[in-house]
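Observations on the model geometry
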Amino acid sequence: TGAIGLYNVGQSCCLNSLLQVFLMNIHFTGILRRITVPPRAAQKRRNVPYQMLLLLEEMQCGKQKAVSPIDLACCLSVYRVKLFVQYDAAQLFLTLWNLIKRQMKKPELVEELSCLYTICVQEHLSCQKCSFETKRNSSMLTLPLPVLNSSSHMLKTLEDCLQYFFHPEELTDHNMCFCEQCGKKTPFLQSMKLVRLPQTLTIHLKRFCFEKSAYIHKLSHYLPFPQDLDFNAVLTENQCQADDNEKAAWQYELFAVVAHSGSTSCGHYCAYIRSLTECKWYCFNDSEVCQVSWDDVKCTYGHSNLHWGETAYLLIYMKKRHQ
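Residues numbered from 1 in each chain as written. Predicted model: local features only at pLDDT ≥ 70, side-chain atom pairs only at ≥ 80, totals over all residues. Heavy atoms only, no water.

You'll find the protein chain entered in an unreviewed UniProt entry as Ubl carboxyl-terminal hydrolase 18, with Gavia stellata given as the organism.

1. Some details on the sheet that holds strand S4 (residues 133–140)
Formally: Paired strands, in this sense, are two strands between which DSSP finds at least two bridges. Runs of E in the DSSP output that reach at least two residues are strands. Runs of H or I that reach at least four are helices, and both are numbered from the N terminus. Orientation is described by lines fitted to C-alpha atoms, with helices fitted over the stretch in contact, and by angles between N-to-C directions that extend from 0 to 180 degrees.
Ordered in space as S4-S3-S9-S6, the four strands form an open sheet in which the pairing is antiparallel. Two strands lie at the open edges of the sheet, namely S4 and strand S6 (169–171), each paired on one side alone. For this sheet, the mean inter-axis angle between neighbouring strands, taken without regard to orientation, is 30°. Pairing analysis gives eight bridges linking strand S3 (residues 119–127) to strand S9 (residues 188–196), with the strands arranged antiparallel. By the bridge assignment, Gln122 is partnered in S9 with Lys193.

2. Things to note about the pairing of S4
Across eight bridges, S3 lies against S4 in antiparallel orientation. The partner of Gln122 across the bridge, within S4, is Asn137. Between S3 and S4, which pair antiparallel in sequence order, lie five residues; one of them, Ser131, sits at a positive phi of approximately 70°.

3. With respect to the environment of Lys280
Heads up, the rule is: Note on contacts: a residue pair is in contact if any heavy atoms of the two residues lie within 4.5 Å.
Along the chain, Lys280 turns up in the loop between strand S15 (267–274) and strand S16 (281–285). Beyond its immediate sequence surroundings of up to four residues, Lys280 is in contact with Ile273, Arg274, Ser275 and Gln291.

4. Quick word on the pairing of strand S14 (residues 251–262)
Along a regular strand, successive side chains alternate from one face of the sheet to the other. Note the cut-off: For every residue, the accessible area obtained with a 1.4 Å probe (protein chains only) is divided by the maximum for its type, and the residue is called buried under 20%, exposed over 50%, and partly exposed between those limits.
Taking burial as the measure, the 12 residues of S14 include 10 buried ones, the bulk of the element. Across eight bridges, the pairing between S14 and strand S18 (residues 311–319) is antiparallel. The residue of S18 that forms the bridge with Ala256 is Ile316. Both S14 and S15 contribute to a ladder of seven bridges, which runs antiparallel. By the bridge assignment, Gly262 is partnered in S15 with Gly267. Where S14 folds back onto S15 in an antiparallel hairpin, the turn is made up of four residues.

5. Notes on the pattern of salt bridges
The line we're drawing: Salt bridge, as used here: a side-chain nitrogen of Lys or Arg that lies within 4 Å of a carboxyl oxygen of Asp or Glu.
Within this structure, the stated rule accounts for six salt bridges. Lys65 serves as the salt-bridge partner of Glu288, at 2.8 Å between the closest nitrogen and oxygen. On the criterion of sequence distance, the pair formed by Glu288 in strand S17 (residues 288–292) and Lys65 in the loop between helix H4 (48–61) and strand S2 (66–67) is long-range, its members being 223 residues apart. Owing to a relative accessible area of 48%, Lys65 belongs among the partly exposed residues under this scheme. Notably, a salt bridge pairs Lys247 with Glu237, separated by 3.2 Å at the nearest N-O pair. Highlighted residues: Lys247 in helix H10 (residues 244–248) and Glu237 in the loop between helix H9 (231–234) and H10, separated in sequence by 10 residues. We classify Lys247 as buried; its relative accessible area is 10%. On the basis of relative accessibility, which here comes to 62%, the residue Glu237 falls in the exposed class.

6. Description of the packing of helix H1 (residues 13–23) against H4
Here is the rule we go by: Roughly parallel refers to an angle under 35 degrees, roughly antiparallel to one over 145, roughly perpendicular to one between 65 and 115, and oblique to any angle outside these ranges. When residues are grouped by polarity, Ala, Val, Leu, Ile, Met, Phe, Trp, Tyr, Cys and Pro land in nonpolar, Asp, Glu, Lys and Arg in charged, and all others, Gly among them, in polar.
It is at 11 Å that the axes of H1 and H4 come closest, and there the two elements cross at 80°. Comparing the axis directions of H1 and H4 gives the class roughly perpendicular. Contacts between H1 and H4 pair Leu19, Gln20, Phe22 and Leu23 from the former with Met52, Leu55, Leu56 and Met59 from the latter. Grouping the constituent residues of the contact of H1 with H4 by class yields seven nonpolar, one polar and no charged.

Below you can see the structure in the form of structure tokens.
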């Protein structure tokens, strides 16, 4: 099944969870298997994609219930990804992905990796005085969704979070922008429109919140997310900047959940992943791997009274195959 655990080699639960999400994704491993193998031993030790490939092969060929990611961890330490450090899964995901992309030598693989993971959005800024408008396309690796609105009220579902993220925002008072046509600072309307969604979509639920005292606390309230997600049913026409063919492919099903338990200063990560070959859910908790049900995955929705409880932090959705 490929459902093999990874030993914790020094507070590596965050790394282990993300590695499992990468390596259980057959679209990613299809790219990984076609990398150029570095010619020298020293280059091999420093090459992140190659070390990931070695780990994948060890996981698939071995008879053990778990393998050690120590060689990959040592490789990552060269790039300042140290062991015995509490990492934020969203930040570590970005770091890993950039290292993988940078060290893949074949341009066609870099292009495939980008298409597999990157989101394209169009940012709009419109002057409320003269209607002068600017547009700019940009790429994102994750959709960073707030779980609170501007009034600090809890958003109730993932769909609410998506609608809030793409809802236009008025920039007034000290947030006003300089308008070239008006020649002064004016109120602007800022909005984001969705242009392209990747095959593997990563959503970051922003559950770690700064307070005025600069103390970070965790937002553990109940926030359900669906197994099937249709962006056409969630976003309005005005929130999309894509043709009909692109939008027809915006049908997703949940592939993985990276969940966080504990506090911001003393936490633990595990991953719930749906095997693409078996269509069964597994919980990857370092070296321990067990089959679970959808009800087990739903336990990561959160609970406002269980601040140390397990809550979903990264949601990874995968495009449904066209019928």
